[in-house]
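# Residue-level structural notes
Residue-level listing of the chains:
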Amino acid sequence: MAEIRLHNLAHSYSRAPTESADYAIREMNHVWEQGGAYALLGPSGCGKSTLLNIISGLLSPSHGEVQFDGKVVNALPPELRNIAQVFQFPVVYDTMTVFDNLAFPLRNQGMNEAKILTKVNEIAEVLELHPLLHKRARNLTADEKQKVSMGRGLVRDDVSAILFDEPLTVIDPHLKWKLRRKLKQIHEQFNITMVYVTHDQLEASTFADKIAVMYGGQIVQFGTPRELFERPSHTFVGYFIGSPGMNLIDVLPYAGGVRFNNTVLPLSAALNRRLAELPGAKLKIGIRPEFVHVWDGPNEDALCGEVVHVEDLGTYKILTLKLDGQSLKVRLQEDQPVPQQQVYLSFPAQWLMLYADDFLVEAQAQEVQP
Ligand code: ADP
Ligand code: MG
């Protein structure tokens with residue numbers, strides 16, 4: 001079991017990379033702590049598989065180091081890294097039985113057969129593979145094969161970490177939920193570092209204690225599901241997490257705050273000071289549909305928008321409105337009155353985020369100079 005540290009890591013598939021767009025992984029520093037249950041969440045093509053393959057040793061990074069418990073492992077081949085990896089599509093030996101497939105990683109280690117029997121039974125129990133143990137793998141359904149594939153990743157309890165690369169893609173939806181619970185259970189039982197790759201935010205937040213959100217070859221935020229929801233560090237996190245995602249509006253600096261069209265939004269003194277240090281940055285404000293405050297009627301603090309559309313989703317409604325030419329989404333609770341034509345709203349300062357070149361502007365500067 002190990003802490004996995006990525007130190008100044010970068011990777012380009014191109015032989016002569018010149019600009020940052022040539023990098024599948026842009027230079028990053030990141031730590032997966034020993035024993036954590038992590039998700040790596042991001043859209044297709046953002047570099048998730050590349051990163052996992054670098055950690056497991058299938059791929060050698062262009063720059064930087066991979067460290068396990070502080071030891072650089074760049075030169076170690078995958079079999080010496082003691083990492084189990086489960087891929088998107090099943091990797092099983094078709095001619096072997098399910099039992100032999102599960103026993104394979106253990107036999108490789110030279111474990112005695114009595115112990116192998118115990119371990120295989122243990123994992124077959126967890127994954128409900130008992131009825132299939134003596135079937136040949138080629139006779140299994142895609143779901144069943146993937147369960148065997150996962151079993152092979154989980155059967156060794158001496159691994160440093162288990163990496164899952166979108167392992168439930170080929171699994172039937174009703175089984176997905178069950179398997180995710182199982183993985184969580186296995187994590188709690190064995191205290192193994194697990195990194196679970198997915199592009200599905202629900203899957204990420206049900207599995208992981210902490211989620212790394214990846215976008216364009218960078219980890220743009222690493223936090224709990226709640227932190228990602230309440231304080232997205234990057235506009236992509238705001239947009240990608242939540243349903244619908246965060247409202248994002250392009251703004252310009254304006255006397256004591258920012259503005260779009262004729263609408264002025266005042267900001268705190270601290271944010272204004274930070275803003276003054278960012279000349280020329282592309283600014284956006286962001287607020288989640290859940291956090292927009294809707295008033296019952298006109299009010300001196302309220303902005304006035306026009307209702308465009310109301311979508312009833314049972315326990316809540318999503319209101320689409322136009323505010324000074326900008327489209328906004330607002331989430332209304334079941335018991336909240338639904339505005340008819342005009343809607344009066346405000347943006348509570350606590351939930352109004354300011355982004356400069358897509359990164360969150362913190363009211364306090366991050367580094368304090370002596
Ligand atoms: P993800 O797993 O998040 O979908 P990948 O790590 O597979 O993303 O890919 C990241 C980027 O690297 C993509 O732009 C992809 O096209 C590119 N890429 C992946 N594998 C290769 C490869 N073997 N050769 C060249 N480019 C690759
Ligand atoms: Mg992938």
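First, a word on scope: everything that follows refers to the structure included in this document. (Residues numbered from 1 in each chain as written. Chains lettered and ligands numbered in written order. Predicted model: local features only at pLDDT ≥ 70, side-chain atom pairs only at ≥ 80, totals over all residues. Heavy atoms only, no water.)

As a further point, take the environment of T206. In this fold, T206 is placed in helix α6 (residues 201-207). Classification of T206 as partly exposed rests on a relative accessible area of 38%. Apart from the residues within four sequence positions on either side, T206 is in contact with R180 and K184. At 3.2 Å, the side chain of T206 forms a polar contact with the backbone oxygen of E203. (Helix = DSSP H or I, 4+ residues; strand = E, 2+ residues; numbered from the N terminus. Buried < 20%, exposed > 50% of the residue type's maximum accessible area, 1.4 Å probe, protein only. Contact = heavy atoms within 4.5 Å. Polar contact = N/O pair within 3.5 Å; in protein donor to acceptor, adjacent residues only side chain to side chain.)

Let us now look at the packing of aromatic side chains. Under the criterion given, the structure shown has 11 aromatic pairs. Residues Y38 and F222 carry aromatic rings whose centres are separated by 5.6 Å and whose planes lie at 45° to one another, so their mutual orientation is tilted. One end of the pair, Y38, is in strand β3 (residues 37-41); the other, F222, is in strand β10 (residues 218-223), and 184 residues separate them in sequence. Classification of Y38 as buried rests on a relative accessible area of 6%. For F222, a relative accessible area of 26% gives the class partly exposed. Centroid distance F236 to Y239: 6.1 Å. Interplanar angle 50°. Geometry classified as tilted. Highlighted residues: F236 and Y239, both in helix α8 (residues 235-240), separated by 3 residues, approximately one helical turn. Accessibility expressed as a relative area gives 7% for F236, which makes it buried. These aromatic residues form a ring-pair network of at least three members: Y215, F236, Y239 and F240. (Phe/Tyr/Trp six-rings, centres within 6.5 Å; stacked < 30°, edge-to-face > 60°.)

For P298, the location among the structural elements is in the loop between β15 (293-295) and β16 (303-312). When the C-alpha atoms of P298 and G238 are compared, they prove to be 29 Å apart, with 60 residues separating the residues in sequence.

Time to look at the site of ligand 1. Around ligand 1 sit Y13, A24, P43, S44, G45, C46, G47, K48, S49 and T50, and those are all the residues in its vicinity. Contacts to ligand 1 include Y13, whose side-chain N or O atom sits 3.4 Å from a nitrogen atom. Within the backbone of C46, one N or O atom sits 3.3 Å away from an oxygen atom of ligand 1. Protein chains shield 52% of the accessible area of ligand 1, which is 550 Å² for the free molecule. Residue composition of the shell around ligand 1, grouped by class: 4 nonpolar, 5 polar and 1 charged. (Near = heavy atom within 4 Å. Areas by Shrake-Rupley, 256 points an atom, 1.4 Å probe, with all protein chains shown as cover. Nonpolar A, V, L, I, M, F, W, Y, C, P; charged D, E, K, R; others polar.)

Judged from the 4 bridges that link them, β3 and strand β9 (residues 210-215) form a sheet pairing that is parallel. Its bridge partner being in β9, Y38 is matched across the sheet by K210. Examined bridge by bridge, β9 and β10 share 5 bridges and lie antiparallel to one another. Residue A212 lies in a different strand from β10, and its bridge partner there is F222. Once β9 ends, the chain turns through 2 residues before running back antiparallel as β10, passing G216 with a positive phi of about 55°. (Pairing = 2+ DSSP bridges.)

Next up on the list: the packing of helix α2 (residues 98-108) against helix α4 (residues 142-154). Contact geometry of α2 with α4 gives a least axis separation of 8 Å together with a crossing angle of 30°. With respect to each other, α2 and α4 are oriented roughly parallel. Handedness of the α2/α4 crossing: right-handed. Counted together, V98, N101, L102 and P105 of α2 and V148, G151 and R152 of α4 form the full contact between these two elements. Residues of the contact of α2 with α4, tallied by class, amount to 4 nonpolar, 2 polar and 1 charged. (Axes fitted to C-alpha atoms, helices over the stretch in contact; angles between N-to-C directions. Parallel < 35°, antiparallel > 145°, perpendicular 65-115°, else oblique. Left-handed = near helix turned anticlockwise from the far one by under 90°.)

As a further point, take the sheet that holds strand β4 (residues 63-68). Overall, antiparallel pairing links the 4 strands, which are arranged β2-β1-β4-β5 in an open sheet. A single partner strand is all that each edge strand has here, and the edge strands are β2 (25-32) and β5 (71-72). Note that β4 and β5 share 2 bridges and pair antiparallel. Bridging from a neighbouring strand, Q67 pairs with V72 of β5. Contacting β1 (4-11), β2 and β4, helix α1 (residues 48-56) crosses the sheet at an angle of about 120° to β1.

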